[in-house]
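# Structural features, examined
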Amino acid sequence: MKKDMLYSGLGFIALGIVFLILYIIMSGEGITSNFMGFSGGFTAPGIIMLYKYFHWSNLKTKPHTKNY
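Owing to the predicted nature of the structure, the values given are computational and were not obtained by experimental measurement.

Parameters and conventions
- Residues numbered from 1 in each chain as written.
- Predicted model: local features only at pLDDT ≥ 70, side-chain atom pairs only at ≥ 80, totals over all residues.
- Heavy atoms only, no water.
- Helix = DSSP H or I, 4+ residues; strand = E, 2+ residues; numbered from the N terminus.
- Buried < 20%, exposed > 50% of the residue type's maximum accessible area, 1.4 Å probe, protein only.
- Contact = heavy atoms within 4.5 Å.
- Areas by Shrake-Rupley, 256 points an atom, 1.4 Å probe, with all protein chains shown as cover.
- Expected span 1.5 Å × (residues − 1).

### With respect to the overall build of the chain
A count of helices and strands for the chain gives two helices and zero strands. Of all 68 residues assigned to the chain, the portion counted as buried reaches 18%. Within the chain, counting contacts between residues at least 6 apart in sequence, those at least 24 apart form 67% of the total. When the accessible area of the chain is evaluated, it comes to approximately 5300 Å², of which 69% is carbon and sulfur surface.

As structure tokens, this is what we get:
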């Protein structure tokens, strides 16, 4: 698996955390619901990217070639 999948996943999670912090800091103002949506929208794909990277980087899950 490519390293850019790892870096993208970490970046998405970092952005999700930033939006979550903005949501917590600015609670009660008009735009906060958007920050919560962005937080979930960035964090969930980031977790999925990290899962895919570690799943397919594992030696047990690499495709095996068989000669028939």
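### Let's talk about helix α1 (residues 3–25)
If you check α1, its first and last C-alpha atoms are 33 Å apart, about what 23 residues at 1.5 Å a residue would give, namely 33 Å. Burial in α1 covers these residues: Leu6, Gly9, Ile13, Gly16 and Phe19.

### What about the environment of Ser57?
Inspection of the secondary structure assignment puts Ser57 in helix α2 (residues 32–57). For the pair Ser57 and Lys3, spaced 54 residues apart in sequence, the C-alpha separation works out to 9.9 Å.

Don't take any of this as a statement about function, it's just geometry.
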